[in-house]
Amino acid sequence: MDFKAKAIAYGIVATIIVGLLSGAGIPFTDMTLPVVGAGLTGIIGGLVAGYVSGTKLDDGALNGGVATAAGAIVALVVLTVGGLLAGPVPAMGLFAFGVLFVVVAAIPGIVGGALGSWLNGRSERRAAARPA
């Protein structure tokens with residue numbers, strides 16, 4: 001199993017972007033089902049990291065999990081600092097939810113990473129089967 005810096009960086013960026021925009025992209029999930037946004041964020045971040053990491057499923061799962069957890073931590077820090085502008089009580093609430101977000105997002109990140117690696121291998125096999 002290999003850590004691939006490029007795959008982890010892409011996965012972190014995807015996780016941060018989707019994590020910060022998930023409430024706006026999926027209406028009402030922040031209020032009713034916050035785990036749906038965290039799960040979707042984990043799958044997308046892991047999918048990107050797994051696809052970039054290569055065709056081995058274990059590499060994709062490892063890179064997807066690491067990238068999703070790291071991206072969720074960065075999103076947690078950004079949201080907590082933003083919450084500090086509103087006051088200490090909202091910041092503590094955002095931080096408590098953020099810790100849950102990191103844990104919940106890492107598991108779908110592993111699944112998304114394995115799926116991304118599988119998709120990468122499938123596209124490479126399809127390209128190799130075409131005549132030149």
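These figures come from a predicted structure and were not determined experimentally.

1. Considering the overall build of the protein chain
Now for step 1: The secondary structure content of the protein chain amounts to four helices and zero strands.
Now for step 2: Summarising the internal contacts of the protein chain: among those between residues at least 6 apart in sequence, 78% fall at separations of at least 24.
Now for step 3: By element, 78% of the accessible surface of the protein chain is carried by carbon and sulfur atoms, the whole surface being about 7,300 Å².

2. Overview of a nonpolar patch on the surface
Now for step 1: Side chains of Val13, Ile17, Leu20, Leu21, Val74, Val78, Leu79 and Leu94 sit close together on the surface and give an oily, nonpolar patch of about 630 Å² of accessible area.
Now for step 2: Listed by contribution, the elements that provide at least two residues to the nonpolar patch are helix H1 (5-25) and helix H3 (57-86).
Now for step 3: Of all the elements, H1 adds the most residues to the nonpolar patch, at four residues.
Now for step 4: Counting through the fold element by element, Leu21 comes out in helix H1.

3. Quick notes on a positive patch on the surface
Now for step 1: Taken together, the side chains of Arg122, Arg125, Arg126 and Arg130 present a region of like positive charge at the surface.
Now for step 2: Position of Arg130 among the secondary structure elements: in the segment after helix H4 (88-129).
Now for step 3: By relative accessible area, Arg130 is classed as exposed at 56%.

4. Some remarks on the confidence of the model for the protein chain
Do not read the fine detail of predicted coordinates wherever pLDDT is low.
Now for step 1: Across the protein chain, pLDDT averages 80, with 87% of residues at or above 70.
Now for step 2: Across the protein chain, the element-wise mean pLDDT spans from 79 in H1 up to 84 in H3.

5. Digging into the nonpolar core
One recurring pattern in soluble globular proteins is that nonpolar side chains are buried together.
Now for step 1: Within the largest apolar cluster, six residues are counted, these being Ala38, Ala72, Leu76, Phe101, Val102 and Ala105.
Now for step 2: Contributing elements (two or more residues each) for this core: H3 and H4.
Now for step 3: At three residues, H4 tops the list of elements feeding residues into this core.
Now for step 4: Setting aside its immediate chain neighbours within four residues, Phe101 contacts Gly19, Ala38, Thr41 and Ala72.

6. Let's talk about H3
Now for step 1: Helix length check: H3 (30 residues) gives 43 Å between terminal C-alpha atoms against 44 Å at 1.5 Å per residue, within 8%.
Now for step 2: Looking one or two residues beyond H3, the residue adopting positive phi is Gly87, at roughly 140°.

7. Let's talk about the packing of H3 against H4
Now for step 1: At their nearest, the axes of H3 and H4 sit 7 Å apart, and the two run at 160° to each other. It follows that H3 is roughly antiparallel to H4 by the angle criterion. Viewed along their axes, H3 and H4 form a crossing whose handedness is right-handed.
Now for step 2: Of the residues in the contact of H3 with H4, the class split is 21 nonpolar, ten polar and no charged.

So, how was this worked out
- Residues numbered from 1 in each chain as written.
- Predicted model: local features only at pLDDT ≥ 70, side-chain atom pairs only at ≥ 80, totals over all residues.
- Heavy atoms only, no water.
- Helix = DSSP H or I, 4+ residues; strand = E, 2+ residues; numbered from the N terminus.
- Contact = heavy atoms within 4.5 Å.
- Areas by Shrake-Rupley, 256 points an atom, 1.4 Å probe, with all protein chains shown as cover.
- Patch = residues over 30% accessible without salt bridge, like charges linked within 9 Å, V, L, I, M, F, W, Y side chains within 5 Å.
- Salt bridge = Lys/Arg side-chain N within 4 Å of Asp/Glu carboxyl O.
- Lys, Arg positive; Asp, Glu negative; His and termini not counted.
- Charge placed at Lys NZ, Arg CZ, Asp CG, Glu CD.
- Buried < 20%, exposed > 50% of the residue type's maximum accessible area, 1.4 Å probe, protein only.
- pLDDT = per-residue confidence, 0-100.
- Core = buried A, V, L, I, M, F, W, Y, C linked by side-chain atoms within 4.5 Å.
- Expected span 1.5 Å × (residues − 1).
- Axes fitted to C-alpha atoms, helices over the stretch in contact; angles between N-to-C directions.
- Parallel < 35°, antiparallel > 145°, perpendicular 65-115°, else oblique.
- Left-handed = near helix turned anticlockwise from the far one by under 90°.
- Nonpolar A, V, L, I, M, F, W, Y, C, P; charged D, E, K, R; others polar.

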